[in-house]
Amino acid sequence: MTAEKWSLEVDRRRCVGNGMCVAVAPEHFTLTDGRSSPISAQVAPAEEVTEAFELCPMSAITIRDAAGAEIDPTR
Amino acid sequence: MTDTTAQFPFPPTSPEKAHEQMRRIREDRPMTQVQYAFGGKVWAIHRHAAVKQMLEDRRFVRKPFATGAMEVPYPVQFPDFLKTTMQFADPPEHTRLRRLVAKAFTMRRVELLREKTRRFAEDLLDAMERKGPPADLVRDYTLQVPILVLSELLGVPAADRDKFTAWSQVMLATNGLSEQELAEHGAALYTYLVELIAARRAEPADDLLSALATAREKDDSLTDEEILPIAMLLLVAGFDNTANFATQGVLALLRNPDQLRVFLADIDGVAPTLADEVLRHGGFALGNDVEGSAGLVPFVATEDVEIDGQLVRAGECVMADISTANHDENAFADPERFDVTRSPNPHLTLSHGLHHCLGASLARMEMQVIIGSVFRRFPGLALAGEESYATDFLTAGMSSLPVTW
Ligand code: HEM
Ligand code: SF4
């Protein structure tokens, strides 16, 4: 893992608002109108974010590296 | 209620009349307070937006049902073991329980199971073909695939699958077993799972039971008493429903030849929207009578909450009447139409919010494979008799569907 920033996105069409991401990473995700969105789009790599990414039932959370490429930190 | 012709619940009636009745109910009021044989009164919410609002509002909880402080208002009683599971838990306990298994059910993980699921389906279709028509599609096919997939996921060894399948069917009313046989099968399943968990704890494999057996929380591993209800919940929630909706999908297509033609023209392309349309509307597309009855598992209001102009008082129960909400013209264009290409399709059959079905991606994938594979193999699939229904269980599913090809 590099020390660079991750950028976070939530696909609000896929999100079912079950709040799993907010429960495991309350500093990174919030529910508005029953859907999740990242609190800040750029974050330092964090274990809670990885867990939210992995636990989201709809796999609606995308993490990108600084170059904009999608990454899967669980691999 | 101001419109006296808009009663809820209402008895079985034709799909056309049910649509009309549901439309009147939604126009008349957002919810109806209903009295059930068990647990008493509950507000059944009928409008799509109001149902979603309730499911997103954490002031509605389930803990009072889990502790036994209140009985769940419902036409049937819920088994006690369910009340120790995530289904009856609120955060943070709900998060803790769901987290233990959630990784196995994400969309990405489920996609990895699609090929295996297809192979299970093909093997069963091979067997049906060898035996020749007619066949009971439920017994020989739609019920078997979800059980095999769940065995795969949990980590039941291939050699034990037949035993496991037989025991697991105690969860269903579709097997015609006696009380005593049910009890014996239930006990055998329980013992079997305890042994399998012990084996996996000693020698973990890449499956869900191993993950549970080796999961650590605050340096404690989970006990059998914690793992067993989770496994049982997955069995109860996991295959009866899936088998039933997959069967409903097959029958709905056979009864709607125009939609079957659309599907056959592009099976893989249409399967995803078909599966969701069956979840939304399958019960109405069979041509059989439908009724206005119970919805999803209720919640209790922890304080006074107003929804869509109706005050729900602290301590009162609410329930999502998804059948009526799934036909709300404010959420669906031409809600009375069975449209296998419908998109978007924000139906609530897998719920929404905190308790949104853990197996949603799995159920969708299985329905797509089950319905897709049988029509690819037998494009001329036809009914060879009337279907029958189980009436005496939580999920009153189809118990047999005679088909020929
Ligand atoms: C077509 C098939 C299915 C349907 C219609 C369905 C429907 C639902 C619904 C409506 C809920 C919410 C219940 C509530 O409010 O308490 C739910 C929850 C649940 N479902 Fe499914 N389900 C299906 C398949 C599956 C499968 C295949 C599994 C897993 C193997 C599964 C596991 C669960 C679990 C564990 C919950 C509880 C989630 C929670 O409380 O957080 N379901 N399902
Ligand atoms: S876990 Fe996924 S589906 Fe649930 S609220 Fe977060 S982004 Fe939405």
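Residues numbered from 1 in each chain as written. Chains lettered and ligands numbered in written order. Predicted model: local features only at pLDDT ≥ 70, side-chain atom pairs only at ≥ 80, totals over all residues. Heavy atoms only, no water.

An unreviewed UniProt entry lists chain B under the name Cytochrome P450, with Thermocatellispora tengchongensis given as the organism.

Under the annotation held in an unreviewed UniProt entry, chain A carries the name Ferredoxin and is attributed to Thermocatellispora tengchongensis.

**Structural notes on the overall build of chain A**
Let me state the cut-off plainly: What counts as a helix is a DSSP run of H or I of at least four residues, what counts as a strand is a run of E of at least two, and both are numbered from the N terminus. When we talk radius of gyration, it's over C-alpha atoms, and the globule rule is simply 2.2 Å times the number of residues to the 0.38. Values of accessible area rely on a 1.4 Å probe in the Shrake-Rupley scheme; residue burial ignores everything except the protein chains shown.
Secondary structure assignment for chain A yields 2 helices and 6 strands. Reading the secondary structure of chain A in the N-to-C direction produces β-α-β-β-β-α-β-β. The C-alpha atoms of chain A give 11 Å as radius of gyration, which agrees with the globular expectation for 75 residues (11 Å, within 12%). If one aligns the C-alpha atoms of chain A with their principal axes, the spans along those axes are about 35 × 20 × 20 Å. As displayed, chain A offers around 3800 Å² of accessible surface, 48% of which is attributable to carbon and sulfur atoms.

**Quick look at the site of ligand 2**
The following threshold applies: The rule for a residue being near a molecule or strand is that one of its heavy atoms must lie within 4 Å of it. Classification convention: Asp, Glu, Lys, Arg as charged; Ala, Val, Leu, Ile, Met, Phe, Trp, Tyr, Cys, Pro as nonpolar; all other residues, Gly among them, as polar.
Around ligand 2, the surrounding shell holds 13 residues, and the nearest of these are A:Cys15, A:Asn18, A:Gly19, A:Cys21 and A:Cys56. Taken together, the residues of the shell around ligand 2 break down into 9 nonpolar, 4 polar and no charged.

**Some points on the coordination of the iron atom of ligand 1**
Stated formally: Here a donor is any nitrogen, oxygen or sulfur atom (N, O, S) within 2.8 Å of the metal, with 3.2 Å used for Na, K and Ca; water is not among the atoms considered, so some sites may look incomplete.
There is one protein donor for the iron atom of ligand 1, namely B:Cys357 (SG), at 2.3 Å. Its location among the elements puts B:Cys357 in the loop between α16 (322-325) and α17 (360-377).

**Here's the deal with the packing of helix α13 (residues 240-255) of chain B against α17(B)**
Residue and element names in this part refer to chain B. Note the cut-off: Axis lines are fitted to C-alpha atoms, over the contacting stretch for helices. Their N-to-C directions set the angle, which ranges from 0 to 180 degrees. Angles are sorted into four bins: roughly parallel if under 35 degrees, roughly antiparallel if over 145, roughly perpendicular if 65 to 115, and oblique for all others. Should the near helix be turned anticlockwise from the far one by less than a right angle, the crossing is termed left-handed; should it be turned clockwise, right-handed. We call two residues in contact when some of their heavy atoms are within 4.5 Å.
Look at α13 against α17: their axes get within 9 Å of each other, and the N-to-C directions meet at 40°. The orientation of α13 relative to α17 falls into the category oblique. Of the two possible hands of crossing, α13 and α17 adopt the one that is right-handed. For the pair α13 and α17, contact is made by Thr 242, Phe 245, Ala 246, Gly 249, Val 250, Leu 253 and Leu 254 and by Ala 363, Glu 366, Met 367, Ile 370, Ile 371, Val 374 and Phe 375, respectively. A per-class count over the contact of α13 with α17 returns 11 nonpolar, 2 polar and 1 charged.

**Some remarks on the pattern of salt bridges**
All names here are of chain B. What counts here: Here a salt bridge means any side-chain nitrogen of Lys or Arg lying within 4 Å of a carboxyl oxygen belonging to Asp or Glu. Buried, partly exposed and exposed residues are distinguished by accessible area as a fraction of the type maximum, computed with a 1.4 Å probe on protein chains only: under 20%, between the cut-offs, and over 50%, respectively.
Applying the stated criterion across every chain, the model contains 33 salt bridges over all chains. The partner of Lys 131 in a salt bridge is Asp 140, with the nearest N and O atoms 3.8 Å apart. According to the relative accessible area criterion, Lys 131 is exposed, its value standing at 60%. For Arg 161, the salt bridge is made with Glu 152, and the minimal N-O distance between the two is 3.4 Å. Of the residues examined, Arg 161 reaches a relative accessible area of 12% and is grouped as buried. Among the charged side chains, a salt-bridge network with shared partners connects Glu 20, Arg 23, Arg 24 and Glu 27.

**Considerations on the sheet that holds strand β6 (residues 70-71) of chain A**
Residue and element names in this part refer to chain A. The criterion, for reference: Here, strands pair whenever DSSP counts at least two bridges between them.
Taken in spatial order, the 4 strands make up an open sheet running β4-β1-β5-β6, and their pairing is antiparallel. The open sheet is flanked by β4 (42-43) and β6, the only strands paired with a single partner. Note: strand β1 (residues 6-10) against strand β5 (residues 61-64), 4 bridges, orientation antiparallel. Within β5, the position partnered with Glu 9 by the bridge is Thr 62. Relative to β5, helix α2 (residues 47-55) is tilted by about 135°, and along the sheet it contacts β1, β5 and β6.

**Describing the environment of B:Lys17**
Residues and elements named next belong to chain B. For Lys 17, the position within the fold is in helix α1 (residues 15-28). What makes Lys 17 exposed here is its relative accessible area of 58%. Expressed as a C-alpha distance, the spacing of Lys 17 and Asp 289, which sit 272 residues apart in the sequence, is 9.2 Å.

**What about the nonpolar core?**
Residues and elements named next belong to chain B. Selection rule: The definition of a nonpolar core used throughout is a set of buried Ala, Val, Leu, Ile, Met, Phe, Trp, Tyr and Cys residues joined through side-chain atoms within 4.5 Å.
The biggest cluster of nonpolar side chains holds 131 residues, and the ones touching the most others in it are Tyr 141 and Phe 375. Here the element with the most residues in this core is α17; it accounts for 9 residues. Those residues in contact with Tyr 141 that lie beyond four places of it in its chain are Ala 121, Leu 124, Leu 125, Met 128, Asp 136, Val 369, Ile 370, Ser 373 and Val 374. Trp 43, Ile 45, Ile 307 and Leu 348 belong to the second largest nonpolar core, which has 18 residues in total.

**Some thoughts on the packing of aromatic side chains**
Between two aromatic rings, the relevant description is the distance of the centres plus the angle of the planes. Residues and elements named next belong to chain B. Spelled out, the test is: Pairing of aromatic rings covers Phe, Tyr and the six-membered ring of Trp, with a centre-to-centre limit of 6.5 Å; geometry is then stacked below 30 degrees between planes, edge-to-face above 60, and tilted otherwise. Remark: a charge is flagged as sitting over a ring if the NZ atom of Lys or the CZ atom of Arg is within 6 Å of the ring centre and within 35 degrees of the ring normal.
For the structure on display, the rule yields 7 aromatic pairs over all chains. Relative to Phe 88, the ring of Phe 78 lies with its centre 5.8 Å away and its plane at 75°, an arrangement referred to as edge-to-face. One end of the pair, Phe 78, is in the loop between α3 (63-66) and α4 (93-102); the other, Phe 88, is in the loop between α3 and α4, with 10 residues separating them in the sequence. The residues Phe 78 and Phe 88 share a single accessibility class, namely buried. Here the aromatic rings of Phe 263 and Phe 375 are separated by 6.1 Å at their centres, their planes lie at 90°, and the arrangement is edge-to-face. Of the two residues, Phe 263 sits in helix α14 (residues 257-265) while Phe 375 sits in helix α17, which places them 112 residues apart along the sequence. Overall, Phe 263 belongs to the buried group, its relative accessible area being 0%. Under the relative-accessibility criterion, Phe 375 is labelled buried at 1%. Of the aromatic side chains, those joined through ring pairs into one cluster are Tyr 36, Phe 65, Tyr 74, Phe 78 and Phe 88. A cation over an aromatic ring shows up here: Arg 62 above the ring of Phe 88, its NZ or CZ 5.9 Å from the ring centre. Lying over the aromatic face of Phe 332, Arg 280 brings its terminal NZ or CZ to 5.2 Å of the ring centre.

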